[in-house]
Amino acid sequence: MSDQRHAERLVSRLTMEEKAAMGSGAGFWRSEAVSRLGIPSVQMNDGPHGLRIPADDPENAWSSRPATCFPTASCIAGSWDMELVAEVGAAIAEECRAFGTDLLLGPGVNIKRTPLCGRNFEYYSEDPFLAGELGAAFVRGAQHVGVGATVKHFACNNSEYQRMTIDVRVDERPLREIYLRAFERIVRLAQPWAVMAAYNQVNGHFACEHEELLEEILRGAWEYPGVVVSDWMAVYDRVKAVASGLDLEMPGPSSKNDDAVAQAVRDGRLSEETLNRRALSMVRLALRAAECAEGRPAGRVRETPAEEIRGEEAESHHQLARRSAAESMVLIKNEPPPERGTTRTGRAPKRGASSAPVLPLDLSEFSSLAVVGRFAEVPRYEGGGSSKVRATRVESVLEGLRELIAKLPHDSRPEVKVAGGYGEDGTAEVSEIEEAAAVVRDADAALLIVGLPDSVESEGFDRAGLELPKGQVELIRRVCAEQPRAAVTIVAGAPLEIASWLDEAPSVLLAGLAGQAGGGALVDVVTGAVNPGGKLAETWPVRLEDTPCYLNYPGEAGYVRYGEGIFVGYRGYEARRIQPALPFGHGLSYSRFTYGTPSADRGEASDDEELVVRVPIKNESSRDGTEVVQLYVEAPECRCARPPKELAAFTKLRVSAGDEREAVLVVEGEAFRYWDPEVSGWVCQGGEYRLHVGSSSQDIRGAVSVTVVPAEPVRPPLTERSTLNEWLAHPQGRELLEAMIPPQLQQTFQAAGAAETEMFRNMPLVKLPRLTQGMITEDQVRQAVRSVSRRSDGA
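Residues numbered from 1 in each chain as written. Predicted model: local features only at pLDDT ≥ 70, side-chain atom pairs only at ≥ 80, totals over all residues. Heavy atoms only, no water.

What's the story with helix α15 (residues 472–482) in this structure? I'm lost.
Since the α-helix advances by 3.6 residues per turn, residues separated by three or four positions end up pointing in the same direction. Here α15 lies mainly inside the structure; 8 of its 11 residues are buried. For α15, the complete set of buried residues consists of Q472, V473, L475, I476, R478, V479, C480 and E482. As for α15, its buried residues are in contact with β10 (368–372), α14 (430–441), β12 (445–451) and β13 (486–491). (Buried < 20%, exposed > 50% of the residue type's maximum accessible area, 1.4 Å probe, protein only. Helix = DSSP H or I, 4+ residues; strand = E, 2+ residues; numbered from the N terminus. Contact = heavy atoms within 4.5 Å.)

Explain the sheet that holds strand β18 (residues 604–606) to me, please; I cannot follow it from the model alone.
Paired through their backbone hydrogen bonds, the strands of a sheet run either parallel or antiparallel. The sheet built from 5 strands is open, its strands ordered β18-β26-β25-β20-β21 with mixed pairing. Every interior strand has two partners, whereas the edge strands, β18 and β21 (646–655), have only one. Direction aside, the axes of adjacent strands within the sheet are offset by 35° on average. (Pairing = 2+ DSSP bridges. Axes fitted to C-alpha atoms, helices over the stretch in contact; angles between N-to-C directions.)

Explain the confidence of the model for the chain here, please?
Detailed reading of predicted coordinates is not advised where the pLDDT is low. Looking at the chain as a whole, its pLDDT mean stands at 93, while 94% of the residues score no less than 70. The model gives residues 296–306 a pLDDT under 50, and that stretch makes 30 contacts with residues more than four places away or in other chains. This stretch, residues 341–346, has a pLDDT under 50; its non-local contacts, to residues over four places away or in other chains, come to 15 contacts. (pLDDT = per-residue confidence, 0-100.)

In this structure, what is going on with the pattern of salt bridges? I would like to understand it.
Side chains carrying opposite charge are able to pair once their charged atoms draw close together. Going through the model one piece at a time under the given rule, you end up with 53 salt bridges. Here R113 makes a salt bridge to E564, at a shortest N to O gap of 2.5 Å. Here R113, found in the loop between β2 (103–104) and α5 (128–144), pairs with E564, found in the loop between β15 (559–561) and α17 (570–575); they are 451 residues apart in sequence, far enough to count as distant. The same class applies to R113 and to E564, which are both buried. Between E122 and R119 there is a salt bridge whose closest N-O contact spans 2.9 Å. R119 gets classed as buried once you look at its relative accessible area, which sits at 2%. In the salt-bridge network here, residues are joined through shared partners; they are R119, E122, E160, R163 and E459. (Salt bridge = Lys/Arg side-chain N within 4 Å of Asp/Glu carboxyl O.)

For this particular structure, what's the right way to read the nonpolar core?
Note that soluble globular proteins tend to have their nonpolar side chains buried in a common cluster. Residues Y124 and F154 are the most contacted members of the largest nonpolar core, which totals 115 residues. For this core, the leading source of residues is helix α4 (residues 82–99), giving 11 residues. The contacts of F154, once residues within four sequence positions are left out, are L180, F183, V195, M196, A197, A198, A207, L213, L214, L218 and W222. Within the second largest apolar cluster, 74 residues are counted, among which are A370, V371, F375 and A487. (Core = buried A, V, L, I, M, F, W, Y, C linked by side-chain atoms within 4.5 Å.)

Can you walk me through the side chain of R173 in this structure?
Topologically, R173 is positioned in helix α6 (residues 172–179). You can call R173 buried: its relative accessible area is 10%. For R173, the side chain forms a polar contact with the side chain of E177, separated by 2.6 Å. Setting aside its immediate chain neighbours within four residues, R173 contacts I178, I566, C640, A641, R642, Y674, W675 and P677. (Polar contact = N/O pair within 3.5 Å; in protein donor to acceptor, adjacent residues only side chain to side chain.)

Sorry, what's going on with the sheet that holds strand β14 (residues 507–510) here?
If you trace the 6 strands from one edge of the open sheet to the other, you get β9-β14-β13-β12-β10-β11, paired in mixed fashion. The outermost strands of the open sheet, each flanked by one partner alone, are β9 (330–334) and β11 (415–419). The sheet shows a mean angle of 15° between the axes of neighbouring strands, direction not considered. The pairing of β10 with β11 spans 5 bridges and is parallel.

Put into structure tokens, the structure is as follows:
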């Protein structure tokens, strides 16, 4: 018997009460089991960058057992490395298997609409293509191990402000092109076991009760076969949610809602067929989890210390966490120190030229190294909320430095001088700044670590602004003024205001929230053991007012209007010609890469086929390194607004010192499409497209043009309110319009000047009878509309 038929047979044997009960949890983390039929419960646990599993009481949501804390999504997105993300997903899933977790509540792929979203550290990018690629990689990695992934939060959960009640009012086009696209890509490419419906409302309906999102789009258009689970306590009306496509309300038990569902079926307000479909989804999930759980305890937490993550598995996962953190760090700036090239004491480094960039630091060159910042000793490695992981171990920067220095010859070991710089709340007092200045003044180089404290970035609330905590900017300025060889490292899960001090720091590195091994990874990068190759997955603004959603955030009167439309992130900055502090895709390396001329495999393409672009990349330096080669599509003029360019392909290329390799960028046909609200579908505008290849959205190194011919030309439907321009642009419409206009009127139109002609052309068809004083009748207009409709339908 097939798995589908077996599941259907089990559903047919369930009572009404059992089917209703399967739609709510049996506890905080488990689904309901039906023991008499052998249907097991499904164990669910957070989270996207590491397993958060209850420590003692399976029903305690906040106590957790040690597990590997990997870099957060905001950090690992900087790697632009799908293989690495899949590897991390698989490692988290392996720990899930060890603890008996069937369904992992991650990844989070919501779009970073505003840098203030308190949960941005859990999300990948402002760009839906990049978020979709990385999310799909994570899902594939986890599910390959036999643990289900849950893509969340569907949909438009783009801030924490009033997240459980806010009504997101978003037009159809940005909804499809920006906010649903990553989810769609993951569903189509990776088939996640579950999709989590969000807390918020979307255009007047709660996401858990949104029939258009859950049934028409997710299950209908995308043909999604998996389970839809609510975010925890997101359901308001369970009967409406079940009717709209929700399979599982969490947490449970929820006997009152179970009874309401069963009664609704009896009353005829909910069809039994609908309830059967929901129960079938849950039975299939339970059977799939049980099949994958062979050799481990299904649906329960392991209870003995011997079964915790330890030994070889703990060590290998810690090393993966370190490698993934190092690969994800972004070198923002790296210049030589100011010309004086020495400390203020007049002592130059033992060796090395001042013309070299500050990073990497060769510790054997220095007599002393100053390390400033509380985060160097007490690492901040993740954000707050439901994804907070109790790490198996935590590496600090100071530990990593001392371990490395201990391996140097005795006569080459620099002294490490430490200054706290700021307190637990991130505030740098005057006395702490003065202490740091004195410490770095007498050193040969300085590593300064700044950033946001735990209390600033968390689930449940948004940040108040982009600023560093009070005093940290002055700390940066003083350290860089006192020590020309100063490297500033940023620890944060989202963009900060850096434009006011960026020119004063010779070297700046974004470490992000890098997980439990972030301290060691940072040492690897700043000392050159790892050549940084990360790129920003979101734009860093100069000021908050520059962000595309500034006038439409956070909302008012219970709703928020996504008034910027499709112009989110770099799309908005480029469309408004606002220069950001750091562009999307930016990131430097200790290597130096040059780009050759890009070429396409053909000059003409269609929107239903792939196009391949190749570009030679040469490493001109003496260091092996990686370069994320990015391709952006610029569309021709279109009747609908299009962004100046959009990310359509990327590849991470490893190039040895002095070598040249070819980057191969595969552009999918859908990259040439946009969502047309008039036809309620994806449309391709034919014409010449420019494919820009570069190192960031603003660092474009070359371009190639291709002519795109739509596979199926789609034209908006013509109505009596369509303009004459729109009728003339439509082949059948033009024919009907020209036949309708009498010769004497055609002569009048032809004799008119350019301004008058354009005025006429922008009139809707329905105005012609009045404009022509009856020479064209209302009946002729209605007949033309009927005729073009029949032709469009193939009649």
